[in-house]
Amino acid sequence: MEAFVAVDLEMTGLKVKTDRILEIGAVKAENGRMVDAFQIFVNPHRRLDETITRLTGITDEMVNGAPDPEEAIQAFLSFAGDLPLLGHNLMFDYSFLKQTAVNCGLPFERNGMDTLKIARKVLAEPESKSLDSLCDFFLIQRDRRHRALDDAEAACRLFFLLQNRYGQEQPELFAPKPLQYRIKKQGKITPAQKRDLNHLFIYHRIENHVDVENMTRSEASRMINEIYVKYGRVPEQEERLHV
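Residues numbered from 1 in each chain as written. Predicted model: local features only at pLDDT ≥ 70, side-chain atom pairs only at ≥ 80, totals over all residues. Heavy atoms only, no water.

1. Overview of the sheet that holds strand β1 (residues 3-11)
Read from one edge of the open sheet, 6 strands run β3-β2-β1-β4-β5-β6, paired in mixed fashion. Two strands close off the open sheet at either side, each with one partner strand: β3 (33-41) and β6 (177-178). Strand direction decides the pairing type here: β1 and strand β4 (residues 85-87), joined by 2 bridges, are parallel. Its bridge partner lying in β4, Ala6 is registered against Leu86. (Pairing = 2+ DSSP bridges. Helix = DSSP H or I, 4+ residues; strand = E, 2+ residues; numbered from the N terminus.)

Written out as structure tokens, the structure is:
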């Protein structure tokens, strides 16, 4: 590979349909060396779970004033261009990138290479093929684990190392292939859903940790149903007072 972009994300959770990107980190590689870097925080429009902050070190204060997803994904696409992508368990990050791009009306189809798949093909040890385990095994240094730019750089170094050792014997493992992931655009929350959620928050005195204006239609529907199950509906007479 003459040129590619190694990318890594931090998210609010693991589910592409309900979770959001917090940070995008990427490095551009040309002819066997890293030549440029990219990092951007993304506003998820929701309060972060404590487990995410403990894992990544990313706080609400760091992302609250950050660019919205549309601005962040456009900045990443401008950096990456049409170059192939590289990542460790690449399809996981690619799914979040593509969902965000599709939601913003942007085309996003790429070729890519996955260091996790390569490692599973060529390495007997270590038993775990996580990025943490492989960095420890090969003494790949990272200033911060579970931060997007540091992990993107680590994946890039891992790729160079594996390519140097096994690239001549198995060149097909190191060639980019089309990334196949189908995604549907997530529609924005409807006015009726906004009204219903706000009524539920007020009536049940629920502290809201989510920016309702930036929810998707499916997220709003899911939250409404969860509130119905846990707290119940707003009585009709109360509902009429807010119409």
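Okay, back to it.
2. Some words on the packing of helix α6 (residues 131-138) against helix α7 (residues 148-166)
Interaxial distance between α6 and α7 falls to 11 Å at its minimum, and their mutual angle equals 60°. Considering their axes alone, α6 and α7 lie oblique with respect to each other. For the element pair α6 and α7, the recorded crossing hand is left-handed. Touching Leu131, Leu134, Cys135 and Phe138 of α6 are Asp151, Ala154, Ala155, Leu158, Leu161, Leu162 and Arg165, all from α7. Looking at the contact of α6 with α7 residue by residue, the class counts come to 9 nonpolar, no polar and 2 charged. (Axes fitted to C-alpha atoms, helices over the stretch in contact; angles between N-to-C directions. Parallel < 35°, antiparallel > 145°, perpendicular 65-115°, else oblique. Left-handed = near helix turned anticlockwise from the far one by under 90°. Contact = heavy atoms within 4.5 Å. Nonpolar A, V, L, I, M, F, W, Y, C, P; charged D, E, K, R; others polar.)

3. Looking at the pattern of salt bridges
Under the criterion given, the structure shown has 13 salt bridges. A salt bridge links Glu207 to Arg47; the shortest N-O distance between them is 3.6 Å. Placement of Glu207 in the loop between α8 (191-204) and α9 (217-231) and of Arg47 in the loop between β3 and α1 (50-56) is noted, with a sequence separation of 160 residues between them. Among the charged side chains, a network of salt bridges with common partners joins Asp132, Asp136, Arg142, Arg145 and Asp151. (Salt bridge = Lys/Arg side-chain N within 4 Å of Asp/Glu carboxyl O.)

4. Focus on the pairing of β1
Among the 9 residues of β1, 9 are classified as buried, and the element is accordingly described as predominantly covered. Of the two faces of β1, the one holding Ala3, Val5, Val7, Leu9 and Met11 and the one holding Phe4, Ala6, Asp8 and Glu10 are both buried throughout. Here 9 bridges tie β1 to strand β2 (residues 21-30), and the two strands are oriented antiparallel to one another. Bridging across to β2, Val5 finds its partner in Lys28. (Buried < 20%, exposed > 50% of the residue type's maximum accessible area, 1.4 Å probe, protein only.)

5. Topic: the pairing of strand β5 (residues 111-114)
Bridge analysis of β4 against β5 gives 3 bridges, and the strand direction is parallel. Bridged to Leu86 within β5 is Met113. The handedness of the β4 to β5 crossover, carried by helix α4 (residues 90-103), is right-handed. With 2 bridges connecting them, β5 and β6 associate as antiparallel partners. (Right-handed = clockwise from strand over helix to strand, strands pointing away.)

6. A look at helix α3 (residues 69-80)
The terminal C-alpha atoms of α3, which comprises 12 residues, lie 16 Å apart, in line with the 16 Å expected from a rise of 1.5 Å per residue. Listed as buried for α3 are Ala72, Ile73, Phe76, Leu77, Phe79 and Ala80. Looking straight down α3, one finds that the buried residues subtend no more than 160° of arc, so they occupy a single side. Of the surrounding secondary structure, the elements contacted by the buried residues of α3 are β1, β2, β3, β4 and α4. Immediately downstream of α3, the backbone of Gly81 shows phi near 60°, a positive value. (Expected span 1.5 Å × (residues − 1). Arc of directions from axis to C-beta.)

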